[in-house]
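# Per-entry structural report
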Amino acid sequence: MTINTLAKGGWHREQMTCFQKMEKVIVAMQDPDMGMKMRNQRLLITVIPHAMTGKDIIDWLMQNYNINEEESLHLGGFLVQYGYIYPLKEPRCLVLRPDESPYRFQTPYFWTSTRWPVSELDYAIFLAKKNIRKQGELMEYEKERYSVLHKRINHTWDFVVMQAREQLRASKQRRKADRIVTECQEQAYWLINRPPPGAPNALDMGLERPSSCTTRMTLWPLNAMICCSNTIILSVRAYVLMCRFVKYSEQYQNHDPIMQGCLPSNPWISDDTAHWTMNAALVPIPTRLRVERWSFSFMELLSDAMGRQEFMMYLEKEFSAENLCFWQACEEIRHGESSKIVEKVEEIYKNFLAPGAARWVNIDSKTMDKTLEGIKHPHRFVMDDAQMHIYFLMKKDSYPRYLKSDLYKSMLSKAIVPQETKKSVFPFVRRQRHSSPSPAQAAEDSRSKGPQAGSD
Amino acid sequence: MVVCCCLGRTATWVSYQLKIHAQKYMRSPLIPEMATQEVQLNETLAHLKSESESLKSKLEEERAKLHDVELHQVAEKVEGLGQFVMKTRRTLKGHGNKVLCMDWCKDKRRIVSSSQDGKVIVWDAFTTNKEHAVTMPCTWVMACAYAPSGCAVACGGLDNKCSVYPLSLDKNENLAAKKKSVAMHTNYLSACSFTNSDMQILTSSGDGTCALWDVESGQLLQSFHGHAADVLCLDLAPSETGNTFVSGGCDKKANVWDMRSGQCIQSFETHESDINSVRYYPSGDAFASGSDDATCRLYDLRADREVAIYSKESIIFGVSSVDFSLSGRLLFGGYNDYTINVWDVLKGTRVSILFGHENRVSTLRVSPDGTAFSTGSWDHTLRIWA
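Residues numbered from 1 in each chain as written. Chains lettered and ligands numbered in written order. Predicted model: local features only at pLDDT ≥ 70, side-chain atom pairs only at ≥ 80, totals over all residues. Heavy atoms only, no water.

Another aspect to go through is the overall build of chain B. Each helix and strand counted, chain B has three helices and 28 strands in total. Out of the 386 residues belonging to chain B, those deemed buried represent 64%. For chain B, long-range pairs separated by at least 24 residues make up 45% of all intrachain contacts whose partners lie at least 6 apart in sequence. Accessible surface, chain B as shown: approximately 13900 Å² in total, 50% of it carbon and sulfur. (Helix = DSSP H or I, 4+ residues; strand = E, 2+ residues; numbered from the N terminus. Buried < 20%, exposed > 50% of the residue type's maximum accessible area, 1.4 Å probe, protein only. Contact = heavy atoms within 4.5 Å. Areas by Shrake-Rupley, 256 points an atom, 1.4 Å probe, with all protein chains shown as cover.)

Check the secondary structure of chain A and you find 21 helices and six strands. In chain A, buried positions account for 46% of the 456 residues. Of the contacts made within chain A by residues no fewer than 6 positions apart, 64% connect residues no fewer than 24 positions apart. Of the roughly 24800 Å² of accessible surface on chain A, a fraction of 55% belongs to carbon and sulfur atoms.

Across the contact, 136 residues belong to chain B and 103 residues belong to chain A. For the chain B and chain A pair, buried surface summed over both sides reaches about 10300 Å², with 63% attributable to carbon and sulfur atoms. Three residues stand out in chain B for area buried against chain A, namely Phe 126, Glu 240 and Ile 316 of chain B, and they jointly supply 7% of the buried area on that side. Applying the counting criterion to the chain B and chain A interface returns five salt bridges. (Buried area = accessible area lost by both parts, 1.4 Å probe. Salt bridge = Lys/Arg side-chain N within 4 Å of Asp/Glu carboxyl O.)

Moving on, we get to the sheet that holds strand β5 (residues 102-105) of chain A. Residues and elements named next belong to chain A. Pairing in this open sheet of four strands is antiparallel, and the strands run β2-β3-β5-β4 from one edge to the other. The open sheet is flanked by β2 (39-43) and β4 (85-87), the only strands paired with a single partner. Strand-to-strand twist across the sheet, computed as the mean angle between neighbouring axes with direction ignored, equals 55°. By the bridge criterion, three bridges tie β4 to β5 in an arrangement that is antiparallel. Looking at β5, one finds that Pro 87 is bridged to Tyr 103. Across the sheet, helix α2 (residues 54-65) lies against β2, β3 (46-53), β4 and β5, angled at about 25° from β3, the strand it touches most. (Pairing = 2+ DSSP bridges. Axes fitted to C-alpha atoms, helices over the stretch in contact; angles between N-to-C directions.)

All names here are of chain A. Across the interface, helix α4 (residues 120-133) lies against helix α7 (residues 176-193) with an axial gap of 12 Å and an inter-helix angle of 130°. Taken as axis vectors, α4 and α7 run oblique relative to one another. Here α4 runs over α7; the crossing is left-handed. Each of Asp 122, Tyr 123, Phe 126, Lys 129, Lys 130 and Arg 133 in α4 lies in contact with α7, whose residues at this interface are Glu 183, Glu 186, Gln 187 and Trp 190. Residues of the contact of α4 with α7, tallied by class, amount to three nonpolar, one polar and six charged. (Parallel < 35°, antiparallel > 145°, perpendicular 65-115°, else oblique. Left-handed = near helix turned anticlockwise from the far one by under 90°. Nonpolar A, V, L, I, M, F, W, Y, C, P; charged D, E, K, R; others polar.)

Glancing now at the UniProt feature "domain: RGS" (unreviewed entry) in chain A. Residues annotated by UniProt as "domain: RGS" (unreviewed entry) correspond here to residues 297-412 of chain A. Between the C-alpha atoms that bound residues 297-412 of chain A there is a distance of 16 Å. The span itself is 75% helix and 0% strand. (UniProt positions renumbered as here; feature names shortened; annotations may be inferred.)

Counting through the fold element by element, Leu 326 of chain B comes out in the loop between β22 (319-324) and β23 (330-335). Leu 326 of chain B sits in the buried class, given a relative accessible area of 14%. In the structure, Leu 326 of chain B is positioned 46 residues away from Ala 372 of chain B in sequence and 9.9 Å away in space, judged by C-alpha atoms. Here Leu 326 of chain B is in contact with Tyr 252, His 255, Asp 256, Pro 257 and Arg 293 of chain A together with Pro 282, Asp 369 and Gly 370 of chain B, once residues within four sequence places are set aside.

To continue, consider helix α16 (residues 321-335) of chain A. In a regular helix each residue adds 1.5 Å, so 15 residues correspond to 21 Å; α16 of chain A covers 22 Å between its end C-alpha atoms and thus fits that length. Among the 15 residues in α16 of chain A, 13 count as buried, and that is most of the element. (Expected span 1.5 Å × (residues − 1).)

Residues and elements named next belong to chain A. Per-residue confidence for chain A averages 84 on the pLDDT scale, and 87% of its residues sit at or above 70. Of all secondary-structure elements in chain A, the lowest mean pLDDT belongs to strand β1 (residues 2-5), at 28, while helix α13 (residues 288-293) reaches the highest, 95. For residues 226-235, every residue scores under 50 in pLDDT, and the model assigns this stretch 21 contacts once sequence neighbours within four places are set aside. This stretch, residues 452-456, has a pLDDT under 50; its non-local contacts, to residues over four places away or in other chains, come to three contacts. (pLDDT = per-residue confidence, 0-100.)

Take a look at the structure:
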């Protein structure tokens, strides 16, 4: 049992996970043995130490994470976007260029995760410094923000200006290279935490989660513990279970359009809807793959409208069609409107369960008694036991015989195997994409045609 | 085996005691006279808690002894997958803000999508035409679903509700007029799904619960309590008896529920962060989950444990949504770093990485017949890949 208290400090935990992972990468990149080889980079006339080129970054990522250039550029791009690496040449543009452009690692002092949440005071000092250093160096949006801050924290403005002057004075006493580096670092930090209007906000994380701060108890589910002990008692070996995945994938591989393609062609690629037309709900002759699928499991047969139709025909020959009808009627109760449950249950009783009923189903006496008892107070699941009994009866008995029957075999032999569409001679000529009637339209049409005998 | 039996039964007893005490704890008012009783309860609770934890770890130990092989080991003899070439085949433009959710229609070509600005759009993705549009009264519509009949859509978000809109064919008719409020939660709606028919909807919410509703009457049929924080996703099981579903939440847990009784029948907690998406394996015997910890994991329901992790050191950003290809051999993951990673489910390796979106991928679904998959992104577009 765990008692979880969700403190308010859980804000943007998602961000924290990303930052931790990025920081791991950065630390690896700076490893003295396996990390990047840094050198002096020339920026106009100044020499900046401990820098690297964009190309170096990409090469290192490719080598160490076993990824290709595109992915490496993508990943490196995020390191720059989140401020862990900043550019020296165009400090306002947080983009990774795969060339000789110089970059540097951001000092941990300025990592977004370290200095969070962002302090307004710090931003004010930063803007003040820029303003003092060179009049007109502030961009439009920065000027606006500067005046907004001036109004808002006016009471500490003397402190702001004093701090700004102090920091500028201190930086004048340093080497030019250091000055450039510090300016770039700061600029990068503020570009991320106070992005210019219209620029993508790297720190946009969507809605806050979790949204509630209540203390909730979670009890390790009672049933889960029972399940655990059952699993052990049954001693199901993992090997057997794992093999099931392999078997399933092998069985369905040919039916997976993304893996094996589909015949005659994938509509999304060729713009030809023939594949869908051939596999519509009810067609005169189905495709081979479709008929094959009916033999994979009883569920596959029943979930295909045509498969159900064929199976019904077979059962009629065997004089056990009432089983499938009963099952379908039970499904309608389970998934139908609440208001119709009572009348549907009565119908089922009349047709299938009452002594001497027209389509009486053969259920064992125990289940029958339980069901009849339940019918007195009908609810959505009252037919569940009986339905399950009949389902497994069909599955164990009628279904295997159907698969061996002539009906199925002849369906399989006359099923279509579509020809693969040859790639068009003029691949740039796009076929016209035809629209199809919406299901809502089809439903409306059938309603206007008048009530028909329900085709299950 | 006997040891485990006993462990199991003792564990059950302890859990039962905990439940009773927890109920008492939650009910007892905090008035001074009750203080000593409180202290006693707390002590018993603490004692039972530690006993429960130790039993839990003992059970895990015994279970681990039976765990003799990993999925990728068994799959060693399986043929590897070649290079996959998947491209964007359609780009759907029309949303004015981040796309948050989408769902396919059973006709294999239509989709419904919802976005942060409150718009819900129904598209014929094949022609890229928009067929219907609804403006919700709230922003952040995080959940949307297509009805199995194709005649209605359900959606909801910050309004804490799930509403069903029948799709009218009359171009002049305002869809919002026929709107039907079905679900009511006490916090945002994170996901919704119709069950096998248009008549019932399953929802999950930021209030930590899931619920099953009757569409016609708006009545609550069943509620599911057990998550300790926001529930972010859910998926219905494709099993024969069709009675279970799985949900994932901010408490890092994935829970499997029985729809009839409302009980949580299995729980998995191996992720290190919020679970954003859960999806059943096509056979229904397992499910995959995607989390903010940048990994996707596969859980086997019969083995009752995690059987595979899909992760790479170079993948740093969280997974927002996952789905399987038709055969279950491929797992597609939409990530917050704008990419889609394609995983070989059996071998655990990454098959391919797809670029294209210009902001994070927020939703991903494979089409009903497996011919393509669709992604929605914060870059305001949806893409169909094949």
